[in-house]
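# Architecture at a glance
One letter stands for each residue in the lines below.
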Amino acid sequence: MSNQGERRFRRAITYGTFDLLHYGHLNLLRRIADLADEVVVGVSTDGFNEIKGKRSMTSFEHRSELVAALRMVSRVIPEESWDQKRRDIVENGIDLFVMGDDWVGKFDELGDVCEVMYLPRTSGISSTMLRDAVHLISSDEIDRVLGMLKSVAEVLRPFGE
């Protein structure tokens, strides 16, 4: 529910890569759902991510499927270019465009077709942070942890049989 006195929108849209879906993504989408009856999410395609100089750890298909499975998301569309936003807003009857506050000012020109809002990012979490943490773990460390888990499984096996 939106806060008392806060304008309620019919349909909102946001865009992102949504790689390594995490609490920050959920927090953003929940806040958008508190503002609008429907939430449309543009998920960046793998091709568009290449243009942006990004490489996702998961495919567009998997990222889209995960975002679409969230109950606060009404529909997912592919984000294939920077300039599609205006067209998406008009074609989908959008009255609220939302991005994280790391984009402040970048989409103000869309204010002639809908309201533009920048919401604060969730501190302490980002896909970049998670991706960097995954890359810090060496294959030797992974093998060591798997070996420990195998040893624990062997010790516990007699109790489970």
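Above this note sits the structure.
Note that this is a predicted model, so its numbers are computed, not measured.

## Digging into the environment of Glu115
Summarising the element assignment, Glu115 is placed in strand 5 (residues 115–119). The class of Glu115 is partly exposed, set by a relative accessible area of 33%. Residues Glu115 and Phe9, 106 residues apart in the sequence, show an inter-C-alpha distance of 9.4 Å. Apart from residues no more than four positions distant in its own chain, Glu115 is found in contact with Arg7, Phe9, Asp95, Leu96 and Phe97.

## What about the environment of Gly16?
Here Gly16 lies in strand 1 (residues 9–16). Once the C-alpha coordinates of Gly16 and Thr45 are considered, the two residues, 29 residues apart in sequence, prove to be 9.5 Å apart. Leaving out residues up to four positions away in the same chain, Gly16 has contacts with Gly42, Val43, Ser44 and Glu79.

Definitions and cut-offs
- Residues numbered from 1 in each chain as written.
- Predicted model: local features only at pLDDT ≥ 70, side-chain atom pairs only at ≥ 80, totals over all residues.
- Heavy atoms only, no water.
- Helix = DSSP H or I, 4+ residues; strand = E, 2+ residues; numbered from the N terminus.
- Buried < 20%, exposed > 50% of the residue type's maximum accessible area, 1.4 Å probe, protein only.
- Contact = heavy atoms within 4.5 Å.

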